[in-house]
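# Observations on the model geometry
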2 protein chains.
Amino acid sequence: MGIIRKTESVEILLNEFQDTETALSTVELITRLGKFMNKTTIYRILEKLEDDGILHSFIGFDGVKRFARCKSCSKSNHSDVHPHFQCISCGKSECLDIEVNIPDMSNREVLFSQLLIKGKCDLCMV
Amino acid sequence: MGIIRKTESVEILLNEFQDTETALSTVELITRLGKFMNKTTIYRILEKLEDDGILHSFIGFDGVKRFARCKSCSKSNHSDVHPHFQCISCGKSECLDIEVNIPDMSNREVLFSQLLIKGKCDLCMV
DNA sequence: CTTACATTTGCAACTAAGTTGCATTAATAA
DNA sequence: TTATTAATGCAACTTAGTTGCAAATGTAAG
Ligand SMILES: [Zn+2]
Ligand SMILES: [Zn+2]
Ligand SMILES: [Zn+2]
Ligand SMILES: [Zn+2]
């Protein structure tokens with residue numbers, strides 16, 4: 001079930017996702033927005049925005065869920081599949097606008113895949 | 001710091017990893033081996049075996065850590081990089097013996113990457 | 001503008017994975 | 001056999017995420 005009412009909390013949360021390439025963890029969002037809304041509200045809105053195809057999520061190397069803005073998804077069509085990058089220096093994670101081709105899986109049915117890359121981002125590369 | 005003494009707990013745990021292709025979650029291992037050893041012991045031994053290059057790990061779609069036997073790693077050289085597959089029907093996860101080529105990252109330094117695939121395994125494909 | 005009502009929110013309590021400190025047990029080598 | 005030190009069990013803790021319910025608020029009809 002997605003978003004039905006445009007509440008203040010929804011607006012505040014969406015504001016954090018202006019940058020299409022940057023992914024934000026639930027922990028980060030709770031720290032940033034904890035004074036404006038309850039953490040339960042944050043979790044619930046994120047879930048709804050994901051249902052609506054406005055955000056997508058992945059689990060980082062630390063096991064914490066991250067969210068980022070979708071580019072071309074809708075409630076019925078979640079087509080936003082791309083790799084994610086996590087910088088070990090600054091901690092930033094981001095969507096990568098590149099194509100990954102999954103090798104052929106002869107005896108398995110592939111429904112979804114995610115590539116997670118760990119390294120140093122452009123700013124931290126020395 | 002890896003394994004120093006070959007204790008009974010280490011033996012029992014290693015026995016679970018006979019099958020090179022199958023990955024086991026910490027939760028599964030605690031359920032299976034909880035009567036033989038404490039969960040703290042399980043976590044600690046797994047960590048050490050990973051340090052030693054005997055096991056490797058990844059975080060599943062559910063956020064739970066999974067471990068599997070390495071084929072050709074050592075304490076100093078962790079070369080076992082391959083995709084992992086998680087079956088949505090039977091819940092089994094396994095190592096895939098296939099090569100993935102990460103696209104060139106012009107402005108980023110890639111240190112590690114993991115491809116996680118969700119789908120139906122050979123036995124569950126109908 | 002007011003009312004009605006369903007959606008959303010806050011709160012507190014809970015679940016579950018994983019960690020830590022410390023006293024006790026046990027593997028190893030002298 | 002004993003001394004040493006790693007490994008273990010236990011309980012208490014941390015942290016991410018969830019749930020139930022009462023109170024608050026957005027929305028549309030009247
Ligand atoms: Zn960085
Ligand atoms: Zn993304
Ligand atoms: Zn299966
Ligand atoms: Zn593997």
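The written sequence of each chain sets the order in which its residues are numbered from 1. Chain labels run from A onward and ligand labels from 1 onward, assigned in the order the entries are written. With the structure being a predicted model, the display of local features is reserved for residues of pLDDT at least 70 and the display and counting of side-chain atom pairs for 80 or more, all residues being used for whole-chain, interface and lining totals. No hydrogens and no water enter the side-chain calculation; it runs on all heavy atoms of the structure.

## Examining the relation of the copies chain A and chain B
Selection rule: Least-squares superposition of the copies uses the C-alpha atoms of those residues scoring a pLDDT of at least 70 in each of them. Contact between two residues is taken to exist if any of their heavy atoms lie within 4.5 Å; hydrogens are not considered.
Between chain A and chain B, which share one sequence, the superposing operator has a rotation angle of 180° and an axial displacement of 0.0 Å; the RMSD is 0.1 Å. Accordingly, the operation relating the two chain copies is best matched by a two-fold axis. The C-alpha atom lying nearest the rotation axis in chain A is that of Leu115(A); the distance is 2.2 Å. A share of 100% of the interface residues of chain A reappears at the interface of chain B, consistent with the copies meeting face to face through the same patch.

## Quick word on the environment of Glu21(A)
All names here are of chain A. Basically, it comes down to this: Numbering goes from the N terminus for both helices and strands, where a helix is a DSSP run of H or I of at least four residues and a strand is a run of E of at least two. Polar contacts, as used here, are pairs of N or O atoms within 3.5 Å; protein pairs need one atom able to donate a hydrogen and one able to accept it. Residues neighboring in sequence count only if both atoms are side-chain atoms.
When you line up the elements, glutamate 21 lands in the loop between α1 (8–15) and β1 (22–25). Between the C-alpha atom of glutamate 21 and that of lysine 71, which follows or precedes it by 50 residues, the distance is 9.5 Å. Apart from the residues lying within four places of it in its own chain, the contact partners of glutamate 21 are Lys71, Ser93, Glu94, Cys95 and Asp97. A distance of 3.3 Å separates a polar atom in the side chain of glutamate 21 from a polar atom in the side chain of lysine 71.

## Notes on the coordination of the zinc ion (ligand 2)
Residue and element names in this part refer to chain A. Quick note on the threshold: Only nitrogen, oxygen and sulfur atoms qualify as donors, provided they sit within 2.8 Å of the metal or within 3.2 Å for Na, K and Ca; with water excluded from the atoms, sites may seem incomplete. Irregular is the default label, applied whenever a site is not tetrahedral (four donors, all angles between 85 and 135 degrees) and neither square planar nor octahedral (four or six donors, opposite donors over 155 degrees apart, all other angles between 65 and 115). The classification of residues rests on relative accessible area computed with a 1.4 Å probe and restricted to protein chains. Under 20% of the type maximum is buried, over 50% is exposed, and intermediate values are partly exposed.
For the zinc ion (ligand 2), every protein donor is listed as His56 (NE2), His82 (NE2), His84 (NE2) and Cys95 (SG), and the spread of their distances is 1.9 to 2.2 Å. Because the angles between the 4 donor atoms bound to the zinc ion (ligand 2) fall within 104 to 117°, the donor set is best described as tetrahedral. Relative accessible area serves as the criterion here: at 14%, histidine 82 is assigned to the buried category. What makes cysteine 95 buried here is its relative accessible area of 7%.

## Quick look at the coordination of the zinc ion (ligand 4)
In ideal tetrahedral geometry, four donors around a metal make angles of 109.5 degrees, whereas ideal octahedral geometry with six donors gives angles of 90 or 180 degrees. Residue and element names in this part refer to chain B. Of the protein atoms, only His56 (NE2), His82 (NE2), His84 (NE2) and Cys95 (SG) coordinate the zinc ion (ligand 4), at distances of 1.9 to 2.2 Å. Considering all 4 donor atoms around the zinc ion (ligand 4), the spread of angles at the metal, 104 to 116°, places the coordination shape in the tetrahedral class. Motif for the zinc ion (ligand 4), donor spacing along one chain: H-x25-H-x1-H-x10-C. Of this pair, histidine 56 sits in strand β2 (residues 55–59) while histidine 84 sits in strand β4 (residues 84–87), placing them 28 residues apart in sequence. The exposure class assigned to histidine 56 is buried, which follows from its relative accessible area of 9%. Take histidine 84: its relative accessible area is 6%, and that puts it in the buried class.

## Observations regarding the pattern of salt bridges
Defined as follows: Each reported salt bridge corresponds to a side-chain nitrogen of Lys or Arg within 4 Å of a carboxyl oxygen of Asp or Glu.
For the structure shown, the criterion picks out 12 salt bridges over all chains. Of the charged contacts, one joins Asp62(A) and Arg66(A) as a salt bridge, the two residues approaching to 2.5 Å between their closest N and O atoms. Among the residues examined, Arg66(A) registers a relative accessible area of 4% and is labelled buried. Across the salt bridge formed by Glu21(B) and Lys71(B), the nearest N and O atoms sit 3.3 Å from each other. In this pair, Glu21(B) sits in the loop between α1 (8–15) and β1 (22–25) while Lys71(B) sits in the loop between β3 (65–69) and β4, placing the two residues 50 residues apart along the sequence.

## A few points about the protein's contact with DNA strand C
Here is the rule we go by: Whether a residue is near a molecule or strand depends on its heavy atoms: if one lies within 4 Å, it is near. Gly is put with the polar residues, along with every residue not named as nonpolar or charged; the nonpolar set is Ala, Val, Leu, Ile, Met, Phe, Trp, Tyr, Cys and Pro, and the charged set is Asp, Glu, Lys and Arg.
Around DNA strand C sit 23 residues in total, of which Ile4(A), Thr7(A), Thr41(A), Arg44(A) and Thr26(B) are the nearest. Put simply, 55% of the atoms of DNA strand C that lie within 4 Å of the protein are in sugar or phosphate. A distance of 2.9 Å separates a phosphate oxygen of DNA strand C from a polar backbone atom of Asn38(A). Measuring from a base oxygen of DNA strand C, one finds a side-chain N or O atom of Arg44(A) at 2.7 Å. The leading source of residues in the surface near DNA strand C is helix α3 (residues 39–51) of chain A, at 5 residues. Here the surface near DNA strand C is composed, by residue class, of 8 nonpolar, 7 polar and 8 charged.

## Some thoughts on the interface of chain A and chain B
Quick note on the threshold: Throughout, buried area stands for the accessible area (probe radius 1.4 Å) lost by two parts on being put together, summed over both.
With 31 residues of chain A in contact, the opposing surface of chain B contributes 31 residues. Roughly 2700 Å² is buried in total at the junction of chain A and chain B, and carbon and sulfur atoms are behind 67% of that figure. For the chain A face of the interface with chain B, the top three residues by lost area are Arg108(A), Glu109(A) and Gln114(A), together amounting to 20%. Run the count over chain A and chain B and you get 2 salt bridges. Salt-bridge contacts for Arg108(A) lead to Glu94(B); the nearest nitrogen and oxygen are separated by 2.6 Å. At the boundary of chain A with chain B, the tally comes to 12 residue pairs in polar contact (both at pLDDT 80 or more). Among the elements that take part in the side of chain A that touches chain B, strand β6 (residues 109–120) of chain A stands out by supplying 12 residues, more than any other. In terms of residue class, the side of chain A that touches chain B is built from 17 nonpolar, 6 polar and 8 charged.

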